[in-house]
Amino acid sequence: MIMSARLWRRRAAYSGRWDAARLSPVVLTVLIAGLAFSTPREIAVSRLLPAAPALAAAMWPVLPTILLGGFCLLIMIVLSFFYADLGTQYTSAAIVAVTLAAAYASHVRHQREEILFQLRLVADTAQKVLLRPLPRRIEDIDIESLYLAAQEQARIGGDFYEAIGTPYGVRLLIGDVRGKGLSAVGAASAVISCFREAAYDEPDLRGIIHRLETTVTRHSAAFPVPDQPEHFATALLAEIPYGGGHVRLLNCGHPPPLIAHCGKVRVLEPAVPSPPLNLAALIGDRYWVDMVAFAPGDQLLLYTDGVSETRDHAGRFFPLSDWMRRQGRQQPRELLDQLHRDLLEHSGGRLDDDIAALALRCSTRRTGEPSE
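Residues numbered from 1 in each chain as written. Predicted model: local features only at pLDDT ≥ 70, side-chain atom pairs only at ≥ 80, totals over all residues. Heavy atoms only, no water.

Chemist: I'd like a description of the packing of aromatic side chains, backed by residues and values.
Modeler: Scanning all chains against the criterion turns up two aromatic pairs. Ring centres of Phe 37 and Phe 82 lie 6.0 Å apart, and the angle between their planes is 80°; this geometry places the pair in the edge-to-face category. Pair noted here: Phe 37 is in helix H2 (residues 24-38) and Phe 82 is in helix H4 (residues 62-82), with a separation of 45 residues, a long-range link. Among the residues examined, Phe 37 registers a relative accessible area of 36% and is labelled partly exposed. Consider the rings of Phe 318 and Trp 323, whose centres lie 6.2 Å apart with planes at 50°: the pair is tilted. With respect to class, Phe 318 is no different from Trp 323; both count as buried. (Phe/Tyr/Trp six-rings, centres within 6.5 Å; stacked < 30°, edge-to-face > 60°. Helix = DSSP H or I, 4+ residues; strand = E, 2+ residues; numbered from the N terminus. Buried < 20%, exposed > 50% of the residue type's maximum accessible area, 1.4 Å probe, protein only.)

Have a look at this one:
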């Protein structure tokens, strides 16, 4: 799979799939040549010919860049037969020098693109380990996920989520580690790894959160960050018993989820605030579990603060609750696709923070029926 992707990328970069931007060096060459033949000799438009291979270096491989430089040199030689005193030798020397420099620049650019591509492959692999694809359905719960990096080059960050079918029901985790970069990724990885084990072992959500708290504390002590005294993370745990008709929520400083029921949308604020992970020692370790009805047809949206804090050009936050009320009875995948489009439209196509979201729908399919 990785090798085929690499070959596809190379074909896309170096084959005949030329778009308008990649044809611009040819267009520039033809334009300069046409003006050189049609304008008076005194204007000396031909002196602009070295610009064509220089432009080609920014988007073409080495060999086409050299061939374009050779074509420009040929044009200059042909011009010398029609017009005298063009300074052919000086312009030709400039074409040769610029073409050699452009070929070297193209070679360096190609090497850097290869390195960047390899780094992206590693990042993609790391993301698949950290945020592995979720099952689309666990028993009678349909699940879909969305992850958007704030930077186009980024693949992983401090936002995380997981969904697991356990003996106690469907258990979900979504959270956000403070900070960015590798330190946040490491803390997120530690939290998810701990959850994947604790979700099967602990009969109560409080037991899971205590283990996550211990994990983040140990990780923070083992991998300190110079400009950050300690790691901490917001987290939201959810548990939907099989056929239970309700959802249990334990919110540790995380943005409150939204639930859609019979056309009405509620913001599920916790009855009692619980401390974020690794802050229990400072503000207490009392954790509160809320229980909310979750009937067939209901839809639950879990998200990180990158969603609710997306701003437009005027600094206004994305109106998530109002947006949810306008969506109707969409399927989870359709809901998240629409959320993706509307977030990009609201922000003008630029996200300032990583975004993660989970959409859950209680299916009308009875437990025991075959999954899709």
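So that's the structure; there's more coming.
Chemist: A description of the nonpolar core should follow, citing residues and the corresponding values.
Modeler: Judged by nonpolar contacts, the single largest core of 56 residues is most densely connected at Ile 143, Leu 172, Leu 212, Leu 237, Phe 294 and Leu 360. Residue contributions to this core peak at ten residues, all from helix H6 (residues 181-201). Ignoring any residue separated from it by four or fewer positions in sequence, one finds Leu 237 in contact with Leu 172, Leu 173, Phe 195, Leu 205, Ile 208, Ile 209, Leu 212, Arg 248, Leu 249 and Leu 250. In terms of nonpolar packing, the next biggest core, distinct from the first, is built from 20 residues, Val 307, Trp 323, Leu 336 and Leu 343 among them. (Core = buried A, V, L, I, M, F, W, Y, C linked by side-chain atoms within 4.5 Å. Contact = heavy atoms within 4.5 Å.)

Chemist: Give me the side chain of Arg 137: which residues, what numbers.
Modeler: Tracing the backbone shows Arg 137 in strand S1 (residues 137-138). The class of Arg 137 is buried, set by a relative accessible area of 17%. At a separation of 3.3 Å, a polar atom in the side chain of Arg 137 contacts the side chain of Ser 363. (Polar contact = N/O pair within 3.5 Å; in protein donor to acceptor, adjacent residues only side chain to side chain.)

Purely geometric numbers; function is a separate question.
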